[in-house]
Protein chains: 2
Amino acid sequence: MAEQTTGEDLSGLVQNLVARAQMAARQMANLSTTIKNDALKRMAEALEAEEGALTAVNARDLARARENGLSSAMIDRLRLTPKRIGDMACGLREIAALPDPIGEVTRMWRRPNGLEIGTMRVPLGVIAFIYESRPNVTADAAGLCLKSGNAVILRGGSEALHSNLALRELLAKAAAAAGVPEDALQMVPVTDRRVIFELLKQDKYVDLVVARGGEQFIRTVVDHSRIPVIKHDKGLCHTYVDAEADLPLAANVAFNAKVQRPSVCNAMETLLVHRAIAACFLPSFCERLRGAGVEIRGCPETCELVPWASAATEADWETEYLDLILSIKIVGSLDEALEHIARYGSRLSDSIITTNYHTARRFLREVDSAAVFINASTRFTDGNEFGFGAELGISTQKLHVRGPMGLESLTSLKYIIYGEGQVRT
Amino acid sequence: MAEQTTGEDLSGLVQNLVARAQMAARQMANLSTTIKNDALKRMAEALEAEEGALTAVNARDLARARENGLSSAMIDRLRLTPKRIGDMACGLREIAALPDPIGEVTRMWRRPNGLEIGTMRVPLGVIAFIYESRPNVTADAAGLCLKSGNAVILRGGSEALHSNLALRELLAKAAAAAGVPEDALQMVPVTDRRVIFELLKQDKYVDLVVARGGEQFIRTVVDHSRIPVIKHDKGLCHTYVDAEADLPLAANVAFNAKVQRPSVCNAMETLLVHRAIAACFLPSFCERLRGAGVEIRGCPETCELVPWASAATEADWETEYLDLILSIKIVGSLDEALEHIARYGSRLSDSIITTNYHTARRFLREVDSAAVFINASTRFTDGNEFGFGAELGISTQKLHVRGPMGLESLTSLKYIIYGEGQVRT
């Protein structure tokens, strides 16, 4: 199989992929909504029809993962079950049901010289998507890129190679039956990591790289890319329980933010508690956390209130645990909380629990994060939860898009100008 | 003066600049519109009040430019005249009159679980702006970044160093009198080019690099940057005169696109003419171009109609002349014109001249350029002409913004979410 490819082959292989994707992108930009939605429905049907074949191919990836000694958590992420395949089909149908972003004229104005200038939403062109080992992401990415009129080159986790190639084949063929160019959905067919570096050089062909993964991996991608990159990396999220908070509500929301799925980027890592309610709130809340197996690392005041907590070090405020560990700091004011979040946060997802109108407004305005919550769990920073049907990732940078990346984030606006002979003087 | 700085000094100097800019950016994000507009008006007044001092400092740059043998075109661009200083002041007052983009909630929707999710416009943070030798750009950049709530680090052309430092001093002090942090407007005080590479490493501090300049220079910036870059480089613009065109209108618009200011990115470089009207249109139109000193390089058919034209080579279709030279190609159909533009264009500014509704609509939809015109000059792709008051540059890429970069292009959208205790299940 292609895994024995040499460096030179890799370069040719990538050249071929990107050139074909660019050709397909031009056709994609002009596809009607009817064709795109028909393709999405056919893709959903194909997934359901081929459920057995897909789980059989997936079994090969799973067997290899076991041989290679991957953790059970990794193996679970890699697994395609009938339920997961059903969810993928469901996701594609949801994308079909969303409005087509392409061609929307978001505004139009008239200039003194009579020119009418409008902004029209258009596809980006060719998107390269580099992601981790969950094959179900493949269908979401294919669906979002198709609906937004883009061609996409997928590069999933190497452990999922066979599952991903089978998925690509199935989805591209189903889309082709509706009139979508098959080259608009490509999958890099090799696991060799050098292929990523080849891909990152193709700025003549690729308009955007979306990269999901750990901080170190993403830094490598950014350092090597000539193509604009949107990163999906670190999430160090805070919940701040204000002096004027509904404490049972605070306990529920903060518990959810930490415990419901601790391994993801929008889980809470640090809890900030106003001194005025700390003694009343923390002992019982921490007891509840302990019951869920959460380890507490607290500031000195926290440790006084929760004797079984260990002492937090400076490093704790900077650490994305992605685990059942929580750092807790008691603060004297909203300003101190804002200062802590500005200093240590990753600017992804932060929440305040308060009943005070003015405090809520200041937090909303002054916290510089992709998603700022009042009285809700940080865990909601997610494309599905926001109503986008699916997401390509969660942008942890500010340019182009912040937070969950739905259809609109895969588009750009071009200017369209209606004249009647105007010249510049 | 600082020009003798060593490599180590440069690194420290840049570290200091970016750290101070980041501190200032946090304050900038929370400034009221009143303070920002007051600052812009004071900046305009200061320019007018210090006109004499500015032209005196500018004279030093001009003298040095003459010593170094710069072209008269370059020297003209470098010059600050009372008229140009007045225009800069005028530009700042126009920016003051524009609505403040920050804090705008562009939309808000309710989810089934009762969460209300909105998108709020926020500043990008710290912008590094690398540009060429026109000191009047300095005031535009300072004004746009201030109004959009960003801190900015300016790095103008080295020939304009003294003028730019004087402008920065004047503008930052005037803004400070209104309550704007002085560190929000920084100017790199050295001409050493290594400082650019230092700047491009500061991804912890700088959120966006906007780079204006030649294609080679921009490629170097992109290759070395860890920070997202918006490029303003090549413009290879087309005008297509359709078979069903108002020919006198076509001649006026195309003449303007080529001749009014040939040295800029939105000037026309290639004229495409439908075969059906070529014999009727080209001879007299080319005569008019000849009268303005334009050299013609034509396809074989063009050369038959215009005997004094020279023969275009393949390289001509790919060349941004930035000069009084025009390549002309006769095409047999709209499709052939679209194909030519897709193959050779730089996707900046392209125009069709036609009276046919269907042809106009197809051109508008299918040409993948930042600005697509019907019956108007490509020269209008410009922030002032679009009504943005000024522009930081003209984006020649698709991510984040295409075309003229006004206030909105210097912002991002964050999600704000109002809950009442929602947790994720």
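It should be emphasised that the depicted structure is a prediction, and the values quoted were computed from it without experimental measurement.

### Some thoughts on the domain arrangement of chain A
All names here are of chain A. What the domain assignment reports for chain A is domain 1 (12–233 + 399–418) and domain 2 (237–383). The straight-line distance from the C-alpha centre of domain 1 to that of domain 2 is 34 Å. Contacts between the two partners involve five residues from domain 1, matched on the other side by five residues from domain 2. Here the residues of the side of domain 1 that touches domain 2 are counted per class, giving two nonpolar, two polar and one charged.

### Looking at helix H3 (residues 51–67) of chain B
Residues and elements named next belong to chain B. With 17 residues, H3 should cover 24 Å at 1.5 Å per step; its first-to-last C-alpha distance of 24 Å lies within 8% of that length. Regarding H3, the residues found buried are Leu54, Val57, Asn58, Asp61, Leu62 and Ala65. Across the axial projection of H3, the buried residues extend over an arc of 155°, all falling on one side. Looking at H3, the residues exposed on the side facing more than 90 degrees away from the buried face are Gly52, Ala53, Ala63, Arg66 and Glu67. Buried residues belonging to H3 abut helix H4 (72–78), helix H5 (82–97) and helix H7 (161–178). Positive backbone phi, at 70°, marks Gly69, one or two positions downstream of H3.

### Let's talk about the relation of the copies chain B and chain A
Note on the identical chains: chain B maps onto chain A by a rotation of 180° and an axial translation of 0.0 Å, with an RMSD of 0.0 Å. Taken together, the rotation angle and the small translation identify this as a two-fold axis. For chain B, the residue whose C-alpha comes nearest the rotation axis is His400(B), separated from it by 2.0 Å. Take the interface residues of chain B: 100% of them recur as interface residues in chain A, which is what a same-surface contact looks like.

### Details of unusual backbone geometry
Phi angles above zero are rare outside glycine, and Asn375(A) is one such case at about 55°. Relative to the assigned elements, Asn375(A) resides in strand S14 (residues 371–376).

### Looking at the sheet that holds strand S9 (residues 268–274) of chain B
Strand order in the open sheet formed by ten strands is S1(A)-S2(A)-S17(A)-S14(B)-S13(B)-S8(B)-S9(B)-S12(B)-S10(B)-S11(B), and the pairing between neighbours is mixed. Every interior strand has two partners, whereas the edge strands, strand S1 (105–110) of chain A together with strand S11 (310–311) of chain B, have only one. Across four bridges, the pairing between strand S10 (residues 295–298) of chain B and strand S12 (residues 325–331) of chain B is parallel. Paired with Ile296(B) across the strands is Leu326(B), a residue of S12(B). Docked against the sheet, helix H14 (residues 334–344) of chain B engages strand S8 (237–241), S9, S12 and strand S13 (349–353) of chain B, running at close to 140° with respect to S12(B).

### Re the interface of chain B and chain A
At the interface, 57 residues of chain B touch 58 residues of chain A. When residues of the side of chain B that touches chain A are assigned to their parent elements, the largest contribution, eleven residues, is made by strand S17 (residues 411–422) of chain B. In terms of residue class, the side of chain B that touches chain A is built from 28 nonpolar, 16 polar and 13 charged. By the bridge criterion, five bridges tie strand S17 (residues 411–422) of chain A to strand S14 (residues 371–376) of chain B in an arrangement that is parallel. If you follow Gln422(A) over to S14(B), its bridge partner there is Ala376(B).

### What about the environment of Pro228(A)?
Its place among the elements puts Pro228(A) in the loop between helix H9 (215–224) and strand S7 (229–232). Each C-alpha atom, one on Pro228(A) and one on Val209(A), is 6.2 Å from the other, the two residues being 19 residues apart in sequence. Among all residues touching Pro228(A), those that are not within four sequence positions of it are Leu208(A), Pro228(B), Gln397(B) and Leu399(B).

### Regarding the environment of Val331(B)
With respect to the helices, strands and loops of the structure, Val331(B) is situated in strand S12. Residues contacting Val331(B), with those up to four places away along its chain left out, are Leu272(B), His274(B), Arg275(B), Glu336(B), Ala337(B) and His340(B).

### Regarding the sheet that holds strand S4 (residues 151–155) of chain B
All names here are of chain B. Taken in spatial order, the five strands line up as S5-S4-S3-S6-S7 in an open sheet, and their pairing is parallel. Each having just a single partner strand, strand S5 (185–187) and strand S7 (229–232) make up the two edges of the open sheet. Neighbour to neighbour, the strand axes of the sheet diverge by 15° on average, direction disregarded. Where strand S6 (residues 208–212) and S7 come together, four bridges link them in parallel fashion. Paired with Ala211 across the bridge in S7 is Lys231.

### Some points on the pairing of strand S13 (residues 349–353) of chain A
Residues and elements named next belong to chain A. The element S13 is extensively covered by neighbouring structure, given that five of its five residues are classed as buried. Residues Ser349, Ser351 and Ile353 point to one face of S13 and Asp350 and Ile352 to the other, with burial holding for every one of them. Alignment of strand S8 (residues 237–241) against S13, held across four bridges, turns out to be parallel. Residue His238 lies in a different strand from S13, and its bridge partner there is Asp350. Strand direction decides the pairing type here: S13 and S14, joined by four bridges, are parallel. Paired with Ser349 across the two strands is Ala371, which belongs to S14.

### A short note on the environment of Ala49(A)
You can see Ala49(A) is positioned in helix H2 (residues 33–49). Here Ala49(A) falls in the partly exposed class, since 13 other C-beta atoms lie within 10 Å of it.

### Section: helix H11 (residues 275–291) of chain B
All names here are of chain B. Over its 17 residues, H11 extends 24 Å from the first C-alpha to the last, a length consistent with the 24 Å expected when each residue adds 1.5 Å. Among the residues of H11, those classed as buried are Ala278, Phe281, Leu282, Phe285, Cys286 and Leu289. In the core, the buried residues of H11 are packed alongside S8, helix H10 (247–259), S9, S10, helix H12 (300–305) and S12. Positive phi appears at Gly293, one or two residues downstream of H11, with a value of about 85°.

### Some thoughts on the packing of H10(B) against H11(B)
Residue and element names in this part refer to chain B. Here H10 crosses H11 at 40°, and the two axes come no closer than 11 Å. One element, H10, and the other, H11, form an angle in the oblique class. Note that H10 runs across H11; the crossing there is right-handed. Within the contact between the two elements, H10 uses Leu247, Ala250, Ala251, Phe255 and Lys258 and H11 uses Ile277, Cys280, Phe281, Phe285, Arg288 and Leu289.

Rules and cut-offs
- Residues numbered from 1 in each chain as written.
- Chains lettered and ligands numbered in written order.
- Predicted model: local features only at pLDDT ≥ 70, side-chain atom pairs only at ≥ 80, totals over all residues.
- Domains from an automatic or database assignment.
- Contact = placed C-beta atoms within 7 Å.
- Nonpolar A, V, L, I, M, F, W, Y, C, P; charged D, E, K, R; others polar.
- Helix = DSSP H or I, 4+ residues; strand = E, 2+ residues; numbered from the N terminus.
- Expected span 1.5 Å × (residues − 1).
- Buried ≥ 20, exposed ≤ 12 C-beta atoms within 10 Å, placed from the backbone.
- Arc of directions from axis to C-beta.
- Least-squares fit on C-alpha atoms with pLDDT ≥ 70 in both.
- Pairing = 2+ DSSP bridges.
- Axes fitted to C-alpha atoms, helices over the stretch in contact; angles between N-to-C directions.
- Parallel < 35°, antiparallel > 145°, perpendicular 65-115°, else oblique.
- Left-handed = near helix turned anticlockwise from the far one by under 90°.

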